[in-house]
Amino acid sequence: MLKSTNDTVLHCYPGLIALVTAEWNGTSNIMAAGWHSYISYAPPIYGVAIAEERFTHHLVKNSGEFAIQFVPAEYAEYIEGAGKLTGKDGNKLDALNISYKKGETVDCPILTTAYVVYECKVKDIQKYGDHDWIVGDITKFHKDETRFEAGLPNWDKLEIPLFIGQSQYVIANQDTKKIKIDLNK
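The next subject is helix α1 (residues 55-63). Three or more residues of α1 are buried, namely F55, T56, H57, L59 and V60. Taken together, the buried residues of α1 touch β2 (18-24), β3 (27-33), β5 (45-50), β6 (65-70), β9 (116-128) and β10 (131-143). A positive phi of about 75° marks G64, the residue just after α1.

Next comes the structure, spelled out in structure tokens:
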């Protein structure tokens, strides 16, 4: 039975976690972000919530750029490590042994194991409560075409980790129940 409460109810999981990378003044970092979204298709604009106390926040704010990336399930430990380690203690990309290259339009690490990456230039930063909503114009897309078919994930070649909390994930793959809703029945 549904009950009313005055306590905050955080229900956004299971969810797709984005890995955010940034670099400024020779320092790189990666963080896990559960709150992120496309804001516009044309022009392509993406947003991510980052708390000001996060190490990545000052890298993004000072550099004016960031990258959003999504990794397949076989690299879910990147999500876990990027969310639990802090860049204040050193380069998380090195600590997690993450393979990357430089972006084409941004000076950020681009994970070579990602299946989708958006390079972004900061368009706006607004504070909402305990997080800043950082909005970026997407300046370059990267996509592993081998993991998609007709624009959708090819479940024979891609398993997607969905975070459910407390270091646990649901893996979306060919065994996940899929339904198609037809309103014209």
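As a further point, take the layout of surface pockets. Taken as a whole, the largest pocket holds about 640 Å³ of empty space. Around the largest pocket sit 29 residues that line it, and M31, A32, A33, R54 and G83 are the ones nearest its centre. Listed by contribution, the elements that provide at least two residues to the lining of the largest pocket are β3, β5, α1 and α2 (76-84). Of all the elements, α2 adds the most residues to the lining of the largest pocket, at 5 residues. In this structure, the second largest pocket encloses a volume near 240 Å³. Around the second largest pocket sit 15 residues that line it, and F70, Y115, V116, Y118 and F148 are the ones nearest its centre. Those elements that provide at least two residues to the lining of the second largest pocket are β4 (36-40), β9, β10 and β12 (152-153). Across the lining of the second largest pocket, the residue classes tally to 11 nonpolar, 3 polar and 1 charged.

Now for the environment of T105. On the secondary structure map, T105 appears in the loop between β7 (100-102) and β8 (109-111). Classification of T105 as partly exposed rests on a relative accessible area of 27%. Placed 36 residues apart in sequence, T105 and F141 show a C-alpha to C-alpha distance of 10.0 Å. When neighbours within four sequence positions are excluded, T105 is seen to be in contact with E65, E119, K121, T139 and K140.

What follows deals with the sheet that holds strand β1 (residues 15-16). Either a parallel or an antiparallel arrangement is found when strands of a sheet pair, and the pairing is made through backbone hydrogen bonds. On the basis of which strands lie adjacent, the open sheet formed by 3 strands has the order β1-β13-β14 and antiparallel pairing. The outermost strands of the open sheet, each flanked by one partner alone, are β1 and β14 (168-172). Alignment of β1 against strand β13 (residues 160-165), held across 2 bridges, turns out to be antiparallel. Across the sheet, residue L16 finds its bridge partner in β13, namely L162.

Turning our attention to the nonpolar core. Counting 24 residues, the largest nonpolar core has V20, V48, F66, I68, F70 and Y118 as the members making the most contacts within it. Taken together, the elements giving at least two residues each to this core come down to β2, β3, β5, α1, β6, β9 and β10. Leave out the neighbours within four places in its chain, and Y118 touches Y38, Y46, F66, A67, I68, F70, I138, K140 and F141. Ranked by size, the runner-up nonpolar core spans 18 residues in total, among them I17, V71, Y78 and L93.

With that settled, the discussion passes to α2. Taken as a whole, α2 has its buried residues at A76, Y78, I79, E80, G81 and A82. Structurally, α2 contributes buried residues whose contacts are with β2, β3, α3 (92-95), β8, β13 and β14.

Once that is clear, we can look at a nonpolar patch on the surface. There is a patch of nonpolar side chains on the surface, built from I179, I181 and L183 and spanning about 410 Å² of accessible area. On the secondary structure map, I181 appears in the segment after β14.

Rules used in this analysis
Residues numbered from 1 in each chain as written. Predicted model: local features only at pLDDT ≥ 70, side-chain atom pairs only at ≥ 80, totals over all residues. Heavy atoms only, no water. Buried < 20%, exposed > 50% of the residue type's maximum accessible area, 1.4 Å probe, protein only. Helix = DSSP H or I, 4+ residues; strand = E, 2+ residues; numbered from the N terminus. Contact = heavy atoms within 4.5 Å. 1 Å grid on protein atoms, 1.4 Å probe; cavity = no way out; pocket = protein on both sides within 12 Å on 5 of 7 lines; lining within 4 Å. Points joined across faces, edges and corners; volume = space filled by probe spheres on them. Nonpolar A, V, L, I, M, F, W, Y, C, P; charged D, E, K, R; others polar. Pairing = 2+ DSSP bridges. Core = buried A, V, L, I, M, F, W, Y, C linked by side-chain atoms within 4.5 Å. Patch = residues over 30% accessible without salt bridge, like charges linked within 9 Å, V, L, I, M, F, W, Y side chains within 5 Å. Areas by Shrake-Rupley, 256 points an atom, 1.4 Å probe, with all protein chains shown as cover. Salt bridge = Lys/Arg side-chain N within 4 Å of Asp/Glu carboxyl O.

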